[in-house]
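As a plain string of letters, each chain reads:
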Amino acid sequence: MDLSANRGFHKVFFSARCECKTVALLSVEVSEEKTVEDVERALPSLVGRLEEQARSFYNMNCEVHARMRLGPAAGGPR
């Protein structure tokens, strides 16, 4: 299944879970044109992006997670 919005890219997914049962889908994309060596050189940056995505998710409180999970049904402020 091609879940990437960008053709010609590999997308790698990871998850982050909160104790409130909300799960975030984290991802990075790498061009199919990149070599293994290119990807290895970029790994620190790719890992940093994933860590930043995870930090953003974990810094949200569970009320925000519930609104994300339930969307308009959560009934929060508009």
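In short, a report on the structure. (Residues numbered from 1 in each chain as written. Predicted model: local features only at pLDDT ≥ 70, side-chain atom pairs only at ≥ 80, totals over all residues. Heavy atoms only, no water.)

1. Observations concerning the packing of aromatic side chains
Phase 1: Tallied over the entire structure, the rule returns one aromatic pair.
Phase 2: When the ring of F57 is compared with that of Y58, the centres are 5.3 Å apart and the planes differ by 65°; the resulting orientation is edge-to-face. (Phe/Tyr/Trp six-rings, centres within 6.5 Å; stacked < 30°, edge-to-face > 60°.)

2. Some remarks on the nonpolar core
Phase 1: Listed in full, the 10 residues of the largest apolar core are A16, C18, A24, L26, V28, V30, L46, L50, A54 and F57.
Phase 2: Those elements giving two or more residues to this core turn out to be β2 (23-31) and α1 (36-59). (Core = buried A, V, L, I, M, F, W, Y, C linked by side-chain atoms within 4.5 Å. Buried < 20%, exposed > 50% of the residue type's maximum accessible area, 1.4 Å probe, protein only. Helix = DSSP H or I, 4+ residues; strand = E, 2+ residues; numbered from the N terminus.)

3. Some remarks on the side chain of H65
Phase 1: Examined against the element boundaries, H65 turns out to sit in helix α2 (residues 62-70).
Phase 2: Judged by its relative accessible area of 0%, H65 is buried.

4. Quick word on α1
Phase 1: Helix length check: α1, at 24 residues, gives a terminal C-alpha distance of 33 Å against a target of 34 Å (1.5 Å per residue), a fit within 8%.
Phase 2: Of all the bends in α1, the greatest, near 55°, is centred on A42, and the proline P44 appears no more than four residues after it.
Phase 3: Buried residues of α1: L46, L50, A54 and F57, and no others.
Phase 4: In the core, the buried residues of α1 are packed alongside β1 (9-17), β2 and α2. (Expected span 1.5 Å × (residues − 1). Bend = angle between axes of the 7 residues up to and from the residue. Contact = heavy atoms within 4.5 Å.)

5. A few points about the pattern of salt bridges
Where side chains of opposite charge bring their charged atoms close, a pairing between them can arise.
Phase 1: Summed over the entire model, instances satisfying the criterion amount to four salt bridges.
Phase 2: Across the pair K11 and E29 runs a salt bridge whose closest N-O atoms are separated by 3.6 Å. Of this pair, K11 sits in strand β1 while E29 sits in strand β2; the two residues are 18 residues apart in sequence, bridging distant segments of the chain.
Phase 3: K11 sits in the partly exposed class, given a relative accessible area of 30%.
Phase 4: Given a relative accessible area of 23%, E29 falls into the partly exposed group.
Phase 5: A salt bridge links R67 to E63, with the nearest nitrogen and oxygen atoms 3.0 Å apart. Of this pair, R67 and E63 both sit in helix α2, four residues apart, which is roughly one turn of the helix.
Phase 6: In this structure E63 comes out as exposed when scored by relative accessible area, which is 56%. (Salt bridge = Lys/Arg side-chain N within 4 Å of Asp/Glu carboxyl O.)

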